[in-house]
Amino acid sequence: MKKEFVVVGLGRFGGSICRELVEQGADVLAIDQDPERVDEFASIATQAVVADTTDEQALVSLGIRNFQHVIVAIGEDIQSSILTTLIMKELGVEKITVKAQNDYHAKVLEKIGADQVVHPERDMGIRIANHMISNNILDYLELSEEHSIMEIKANEMLAGHSILDLDIRARYGINIVAIKRGEDVVVSPLAEERIQEGDILIIIGSDADILRFEKKALH
């Protein structure tokens with residue numbers, strides 16, 4: 001059974017999600033109010049339609065409740081985003097993911113029942129800022145407001161030491177959950193595992209603890 005998705009809003013964010021879902025083999029119903037955008041995705045999505053998603057009857061006629069997951073990626077129109085989410089929820093859609101413009105928008109979406117709220121611009125900003133601040137931080141994934149997973153490049157200061165030697169969990173309160181070494185990935189590395197220069201350490205912990213480790217252990 002192919003997974004079935006609806007993507008509402010075919011701007012940069014919604015459009016990239018639509019393309020990726022199709023590449024991954026999913027069925028995608030793409031919806032936008034702009035006929036030009038819909039034409040662009042007619043040959044990409046399983047089906048692309050022009051529709052006003054704040055019109056409940058339009059959504060009913062499209063059979064929205066039969067889809068497993070709806071992604072609301074409406075751009076600047078916060079009111080339309082909220083109303084679309086509300087109608088989707090009332091129609092009984094199983095999972096709704098919504099793009100938030102700001103924290104106020106996110107709070108409203110959470111209150112009306114969005115299953116997942118994403119902040120693509122903010123998250124990308126945080127990633128870019130982390131890259132700018134430190135050459136060692138390669139990537140970043142926010143788990144909560146205070147906890148993250150980060151990819152940190154091991155330098156000569158860590159090279160040759162085992163995880164046990166470094167005592168990272170006790171000293172910094174963080175965990176190395178995997179090590180990328182060239183094409184190989186060491187998942188749940190043993191305490192005796194020796195770190196090599198250039199290893200990518202995948203670390204989980206609070207943001208404050210990870211940054212403390214990055215500043216003290218890598219400089």
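Parameters and conventions
Residues numbered from 1 in each chain as written. Predicted model: local features only at pLDDT ≥ 70, side-chain atom pairs only at ≥ 80, totals over all residues. Heavy atoms only, no water. Helix = DSSP H or I, 4+ residues; strand = E, 2+ residues; numbered from the N terminus. Rg over C-alpha atoms; globule rule 2.2 N^0.38 Å. Contact = heavy atoms within 4.5 Å. Areas by Shrake-Rupley, 256 points an atom, 1.4 Å probe, with all protein chains shown as cover. Lys, Arg positive; Asp, Glu negative; His and termini not counted. Charge placed at Lys NZ, Arg CZ, Asp CG, Glu CD. UniProt positions renumbered as here; feature names shortened; annotations may be inferred. pLDDT = per-residue confidence, 0-100. Expected span 1.5 Å × (residues − 1). Buried < 20%, exposed > 50% of the residue type's maximum accessible area, 1.4 Å probe, protein only. Arc of directions from axis to C-beta.

Scanning the protein chain from N- to C-terminus turns up nine helices and 11 strands. Computed over the C-alpha atoms, the radius of gyration of the protein chain is 22 Å, more than 25% above the 17 Å expected from 2.2 N^0.38 for a compact globule of 219 residues. In terms of its C-alpha atoms, the protein chain occupies a principal-axis envelope of roughly 65 × 35 × 30 Å. Sequence-distant contacts, at least 24 apart, represent 53% of the contacts inside the protein chain between residues at least 6 apart. Approximately 12,200 Å² of the protein chain is accessible, and the part contributed by carbon and sulfur atoms is 50%. Counting 22 positive and 38 negative side-chain charges, the protein chain places the averaged centre of each group 5 Å from the other.

We now examine the environment of L164. Position of L164 among the secondary structure elements: in helix 7 (residues 163-166). Note: C-alpha distance between L164 and A191 (27 residues apart in sequence) is 4.8 Å.

We now examine the UniProt feature "domain: RCK N-terminal" (unreviewed entry) in the protein chain. The UniProt record marks residues 2-118 with the feature "domain: RCK N-terminal" (unreviewed entry), using the residue numbering of this structure. For residues 2-118, the end-to-end C-alpha separation is 24 Å, with 40% helix and 23% strand making up the annotated structure.

Let us look at the confidence of the model for the protein chain. On average, residues of the protein chain carry a pLDDT of 88, and 91% of them reach 70 or more. The spread of mean pLDDT over the elements of the protein chain runs between helix 6 (residues 120-133), the lowest at 61, and strand 3 (residues 47-50), the highest at 97.

Helix length check: helix 1 (residues 12-23), at 12 residues, gives a terminal C-alpha distance of 16 Å against a target of 16 Å (1.5 Å per residue), a fit within 8%. Among the residues making up helix 1, those that are buried are G14, G15, C18 and L21. Summarising the axial view, the buried residues of helix 1 lie within an arc of 130 degrees, below the 170-degree limit, and thus occupy one face. Set apart from the buried face of helix 1 by more than 90 degrees, the exposed residues are R12 and E23. The inward-facing, buried residues of helix 1 contact strand 1 (4-8), strand 2 (27-32), helix 2 (35-41) and strand 4 (69-72). Of the residues trailing helix 1, G25 is marked for its positive phi of about 95 degrees.

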